[in-house]
Amino acid sequence: MLGTLQPPRTLSRFPLYLTSRPVTLCTLTAQSPPSTSPAHSQILSIRHSLLTRQVTAAQLAESYLSRLRLTEPHLKSFLHVSDSDAVLRQAALLDQRIAGGEDVGPLAGVVVGVKDNICTADMPSTGGSRVLEGYRPAYDATAVRKIKELGGIVVGKTNLDEFGMGSTTEASAFQVTANPWDVSRVPGGSSGGSAAAVSARQCVVSLGSDTGGSVRQPASFCGVVGLKPTYGRVSRYGLMAYASSLDVIGCFGSSVADTGILLHAISGHDRLDATSSKREVPDFASQFASINLLESKPLKGLRVGVIRETLDEGVDAGVISAIRGAASHLEELGCSVTEISLPSFSLGLPAYYILASSESSSNLSRYDGVRYGNQAVADELNSLYGDSRAKGFGPEVKMRILMGTYGLSAGYYDAYYKRAQQVRTIIRKSFKTALDENDILISPAAPSAAYKIGEKIDDPLAMYAGDIMTVNVNLAGLPALVLPCGFVEGGKVGLPVGLQMIGAAFDEEKLLKVGHIFEQTLQNCRFVPPLIEDDTAW
Amino acid sequence: MGSRALLMLKGVSSIAPKNQIFNFNCKSSRSSNSSFSFSQVVINHNKNNKVRRCSTTTTQSSLEPPDVSRLAETARISLTPSEVEEFAPKIQQVIDWFGQLQDVDLHSIEPSIRADTEDSNLRDDVPETFENRESMIAAVPSYEEPYIKVPKVLNKE
């Protein structure tokens, strides 16, 4: 049982295993892995083990570090791994406090990965770009500071597409991350490193960022849970800005519960972020304990809308099948599931790219080689700017800056940026209408499962097209949860497919509740990649 | 899998959005044009990277196509001539694709700056001191106390 030392933000009792509950087989088109009990909260079991002295934080940290070292040559999820001694020192300090009977935070002993576009004062933060190679920020991002305050141990900075621009990590200036389910495939992006790290159990949970799907699509590709909070729920202070009206910091975990616990840890108003919401943060995590999974229809009365436009031609048959299977599972749980249509859905993609490239052209103008980052040798100022930026930025970033510069040029603003903002209004309103009539909306997170490294690299529009499932949610600023719901063929045991659940603004609580019940009642699906040794603790 | 052909169907008005489909043709090479009852433009991308545009009764954009060299100058990025050559068609392709928003009826729709705006979140206009100045200065590539050094500024003719 969990210790009774309860600082205000910790969690109440959480049933780890239940015997009788409604079950639905997940849709499988590949050889199914052996069935096992569903994902449980690693954060809570770690807490339990630490407080009952079954294991020390140092032992736990060492076990994660050794798995990280073993798998890193194959995966390359990390751009920077913390010095082992520093990690073990933090763990030892925690052990001392536990031994002394002191209160410890809800993330005590939890090993965390942080996407490299999120500032960490004691580690390099490159944004995946040569322009910031070796750069050490002067401060921690608010989300990182909160994690540390609550006992989390940051184990390293994860790989990403440069400044968040990409869907595969192939646009990282440094390395390409591999998908733990099949190392010849992409992990998704831009938060590919964070997703792969959690999938391969190199860390317990991780932070990513989501501007157009960069948490949700890699969560789907890597078979982990990914959560994009409502815009304003989590402070962006310390997140290197890509598109300021769309960026959010998001969470990855191997279970819905862990993702919810991390979200709770990092949420809340921050005076250092003028777009951060003052709305109260519900206790996302404690609700898991009160959910009665023994009830036969735990989600009775919940109205679910399946977005028709996301199951059309162009989406892999295997993905459609997995989503329809998930819809049936939700029906078994008592939901009423109907198909709904979102007008102007397809306009979201060009509108997103106009807004994102325009805003990024402005946000990335700060990388001029003067105050930080790599500086080119030049004998006059404009060449200093021009050469530092030309040498420092990769081709995708350069292209987006140029497109954005075009879109914001005098005379073009009305035609592009303003029109895209009007499309944003249409999309916001259509989601609002749909979410007045439904509690949640569901769709795939991507039109396919993970594809091969190198497959889309030459075709920008083909790569952008893969974001169709996710960008509208960013335009509307809504929260969304992606959790694995099935498999398609590929790799050794199949490739995971994620279900995206979209909620009303600031309604992460509902998403987490539905996601948790869905996850705990899904049978015959084990979302641990073959790369990892079969270890019952994970 | 080879490159994918992308078939985009432009919607017309936001009032009657019946055929708003996003279409992905998994086979490479040219796709057939389907016919619909609304006026629309199909942008078809074949694997040779050329853009073929079929316009109908909708007005063409009267905007100048992107001049990549000039944009690079504005954005202060020194592109090599081969980069300009490489980027220009890709950028043109994406800008053309952006163009489909020209045909959407957005009359009387307010632009949204972002998703939701709460009441003013501004703090008082009072200066504050940032503690970790040493770390910020340490990050400066070219520093000569107390100056951040840059090369000379040339006046443009």
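Here the structure is a predicted model, which is why all the values come from computation and not from measurement.

**Q** Can you help me understand the overall build of chain B in this one?
**A** Each helix and strand in chain B was counted, giving three helices and six strands. Beginning at the N terminus, the succession of helices and strands in chain B can be written as β-β-β-β-α-α-α-β-β. Across the 157 residues that make up chain B, the buried fraction comes to 35%. Taking the intrachain contacts of chain B between residues at least 6 apart in sequence as the baseline, contacts between residues at least 24 apart amount to 45%. Total accessible area on chain B stands at roughly 10500 Å², and carbon and sulfur atoms take up 50% of it.

**Q** Which parts of the structure should I look at to understand the overall build of chain A?
**A** For chain A, the count of helices and strands is 16 helices and 13 strands. Computed over the C-alpha atoms, the radius of gyration of chain A is 22 Å, within 12% of the 24 Å expected from 2.2 N^0.38 for a compact globule of 538 residues. For chain A, the spread of C-alpha atoms along the principal axes amounts to about 70 × 55 × 45 Å. With 538 residues in all, chain A has 69% of them scored as buried. Here the contacts in chain A between residues at least 6 apart in sequence split such that 77% fall between residues at least 24 apart. Accessible surface for chain A amounts to roughly 16700 Å². Of this, 50% is attributable to carbon and sulfur atoms. Side-chain charges of chain A comprise 49 positive and 53 negative groups, with the mean position of each set lying 4 Å from the other.

**Q** Mind showing me how you'd approach the packing of aromatic side chains here?
**A** Ring pairs (aromatic) are described by centroid distance and by the angle formed between their planes. For the coordinates displayed, the defined rule picks out 18 aromatic pairs over all chains. Between the aromatic rings of Tyr139 of chain A and Phe130 of chain B, the centroid separation amounts to 6.3 Å while the plane-to-plane angle is 85°, which identifies the pairing as edge-to-face. With Tyr139 of chain A in the loop between strand 3 (111-115) and helix 4 (142-149) and Phe130 of chain B in the loop between helix 2 (81-98) and helix 3 (133-138), this residue pair bridges two chains. Taking the centre distance of 4.7 Å and the plane angle of 45° together, the rings of Tyr406 of chain A and Tyr412 of chain A count as tilted. Per residue, the accessibility class of Tyr406 of chain A equals that of Tyr412 of chain A, and both read buried. In this structure an aromatic cluster arises from ring pairing among Tyr352, Tyr353, Tyr406, Tyr412, Tyr416 and Tyr464 of chain A together with Trp97 and Phe98 of chain B.

**Q** Help me out: how do you make sense of the interface of chain B and chain A in this one?
**A** For interface size, the figure often reported is the accessible area lost on association. Contact residues are listed per partner, giving 69 residues for chain B and 87 residues for chain A. One can count two salt bridges joining chain B with chain A. One salt bridge in this structure joins Glu128 of chain B and Arg271 of chain A, with 2.6 Å as the shortest N-O distance. Where chain B touches chain A, the interface holds 22 residue pairs in polar contact (both at pLDDT 80 or more). Elements supplying a minimum of two residues to the side of chain B that touches chain A: strand 2 (22-25), helix 1 (68-74), helix 2 and helix 3 of chain B.

**Q** Explain the packing of helix 12 (residues 395-408) of chain A against helix 2 of chain B here, please?
**A** The packing of two helices is summarised by the inter-axis angle and the distance between the axes. Relative to each other, helix 12 of chain A and helix 2 of chain B sit at 55°, their axes nearing to 10 Å. Classified by the angle their axes make, helix 12 of chain A and helix 2 of chain B are oblique. For the element pair helix 12 of chain A and helix 2 of chain B, the recorded crossing hand is right-handed. Facing Pro395, Lys398, Met399, Leu402, Met403 and Tyr406 of chain A of helix 12 of chain A, the residues of helix 2 of chain B in contact are Glu83, Phe87, Lys90, Ile91, Val94 and Ile95 of chain B.

**Q** Could you clarify how one ought to interpret the sheet that holds strand 5 (residues 205-210) of chain A in this entry?
**A** In sheet architecture, strand pairing relies on hydrogen bonds along the backbone and comes in two forms, parallel and antiparallel. All names here are of chain A. Here eleven strands make up an open sheet; going across it, the order is 2-4-3-5-7-6-11-12-10-8-9 and the pairing mixed. Each edge of the open sheet carries a strand with a single partner, namely strand 2 (78-81) and strand 9 (336-340). If you compare each strand with its neighbour and ignore which way they point, the axes differ by 30° on average. Bridge count for strand 8 (residues 303-307) against strand 9 is five bridges, and the pairing is parallel. Across the sheet, residue Val306 finds its bridge partner in strand 9, namely Glu339.

**Q** Looking at this structure, how should I read the layout of surface pockets?
**A** A water-sized probe rolled over the atoms picks out the places where empty space is left. What the largest pocket holds in volume is close to 680 Å³. For the largest pocket, the lining is made up of 28 residues, of which Cys119, Tyr135, Tyr139, Arg366 and Tyr372 of chain A are closest to its centre. Considering each element in turn, the lining of the largest pocket owes the most residues, three residues, to helix 3 of chain B. Partitioned by chemical class, the residues of the lining of the largest pocket number 19 nonpolar, four polar and five charged.

**Q** Looking at this structure, I do not really get the confidence of the model for chain B. What am I missing?
**A** Low pLDDT means the predicted atomic positions in that stretch should not be read closely. All names here are of chain B. Overall, the prediction assigns chain B a mean pLDDT of 67, with 55% of residues at 70 or greater. Averaged over each element, pLDDT in chain B is lowest for strand 4 (residues 51-54) (34) and highest for helix 1 (95). Scoring of the predicted complex yields 0.86 for pTM and 0.87 for ipTM.

**Q** Would you explain the side chain of Asp95 of chain A in this entry?
**A** Residues and elements named next belong to chain A. With respect to the secondary-structure elements, Asp95 resides in helix 3 (residues 84-99). Look at Asp95: it is buried, it has no salt bridge, and the nearest opposite charge is Arg53 at 8.3 Å. Among all residues touching Asp95, those that are not within four sequence positions of it are Leu50, Thr56, Ala57 and Ala58.

**Q** How do you make sense of the side chain of Asp439 of chain A when you look at a structure like this?
**A** Residues and elements named next belong to chain A. Turning to its location among the elements, Asp439 is positioned in the loop between helix 13 (414-437) and strand 10 (440-444). Asp439 sits in the buried class, given a relative accessible area of 13%. For Asp439, the side chain forms a polar contact with the side chain of Lys510, separated by 3.0 Å. With near-sequence residues (within four places) excluded, Asp439 lies in contact with Gly301, Leu302, Arg303, Ile502, Gly503 and Lys510.

**Q** Looking at this structure, I do not really get helix 1 (residues 42-51) of chain A. What am I missing?
**A** All names here are of chain A. With nine of its ten residues buried, helix 1 lies for the most part within the structure. Along helix 1, the positions that sit buried rather than exposed are Gln42, Ile43, Leu44, Ser45, Ile46, Arg47, Ser49, Leu50 and Leu51. Buried residues in helix 1 make contact with helix 2 (57-75), helix 3, strand 5 and helix 7 (256-266). Backbone geometry just downstream of helix 1 places Arg53 in the positive-phi region, at approximately 60°.

**Q** Would you mind showing me how to read the nonpolar core here?
**A** Burial of nonpolar side chains together is a common tendency in soluble globular proteins. Residue and element names in this part refer to chain A. Counting 175 residues, the largest nonpolar core has Phe163 and Leu207 as its most contacted members. The leading source of residues in this core is helix 13, at ten residues. The contact partners of Phe163, leaving out residues within four places of it in the chain, are Gly127, Ser129, Val131, Leu132, Met240, Tyr242, Leu364, Tyr367, Phe393 and Val397. If you look at the next biggest cluster of nonpolar residues, it comprises six residues, including Phe221, Ala446, Ala450 and Met463.

**Q** What is the right way to read the confidence of the model for chain A from this model?
**A** Per-residue confidence for chain A gives a mean pLDDT of 90, with 91% of residues at or over 70. Of the regions scoring below 50 in pLDDT, residues 1-35 of chain A engages in 91 contacts with residues more than four places distant in sequence or in other chains.

**Q** When you look at helix 11 (residues 381-392) of chain A in this model, what are you seeing that I'm missing?
**A** In an α-helix, one full turn covers 3.6 residues, which means residues spaced three or four apart are oriented alike. All names here are of chain A. A rise of 1.5 Å per residue sets the reference length of helix 11, with its twelve residues, at 16 Å; its end C-alpha atoms lie 16 Å apart and thus fit the reference within 8%. All buried positions along helix 11 are accounted for by Leu381, Leu384, Gly386, Ser388, Arg389, Ala390 and Gly392. Residues of helix 11 that are buried in the fold lie against helix 12. Measuring from the backbone nitrogen of Asn382 back to the side-chain oxygen at the start of helix 11 gives 3.1 Å, which picks out Glu380 as the cap.

**Q** I tried to follow the state of the cysteines on my own but got confused; where do I start?
**A** Note: disulfide means a covalent bond formed between the sulfur atoms of two cysteine side chains. Residues and elements named next belong to chain A. Across all of its chains, the model carries zero disulfides over all chains by this definition. Cys203 takes part in no disulfide bond, and the closest cysteine sulfur, belonging to Cys222, lies 12 Å away. Residue classification places Cys203 among the buried residues on the basis of a relative accessible area of 0%. No disulfide involves Cys251; its sulfur sits 12 Å from the nearest other cysteine sulfur, which is in Cys203.

Procedures and definitions
Residues numbered from 1 in each chain as written. Chains lettered and ligands numbered in written order. Predicted model: local features only at pLDDT ≥ 70, side-chain atom pairs only at ≥ 80, totals over all residues. Heavy atoms only, no water. Helix = DSSP H or I, 4+ residues; strand = E, 2+ residues; numbered from the N terminus. Buried < 20%, exposed > 50% of the residue type's maximum accessible area, 1.4 Å probe, protein only. Contact = heavy atoms within 4.5 Å. Areas by Shrake-Rupley, 256 points an atom, 1.4 Å probe, with all protein chains shown as cover. Rg over C-alpha atoms; globule rule 2.2 N^0.38 Å. Lys, Arg positive; Asp, Glu negative; His and termini not counted. Charge placed at Lys NZ, Arg CZ, Asp CG, Glu CD. Phe/Tyr/Trp six-rings, centres within 6.5 Å; stacked < 30°, edge-to-face > 60°. Salt bridge = Lys/Arg side-chain N within 4 Å of Asp/Glu carboxyl O. Polar contact = N/O pair within 3.5 Å; in protein donor to acceptor, adjacent residues only side chain to side chain. Axes fitted to C-alpha atoms, helices over the stretch in contact; angles between N-to-C directions. Parallel < 35°, antiparallel > 145°, perpendicular 65-115°, else oblique. Left-handed = near helix turned anticlockwise from the far one by under 90°. Pairing = 2+ DSSP bridges. 1 Å grid on protein atoms, 1.4 Å probe; cavity = no way out; pocket = protein on both sides within 12 Å on 5 of 7 lines; lining within 4 Å. Points joined across faces, edges and corners; volume = space filled by probe spheres on them. Nonpolar A, V, L, I, M, F, W, Y, C, P; charged D, E, K, R; others polar. pLDDT = per-residue confidence, 0-100. Core = buried A, V, L, I, M, F, W, Y, C linked by side-chain atoms within 4.5 Å. Expected span 1.5 Å × (residues − 1). Disulfide = S-S within 2.5 Å.

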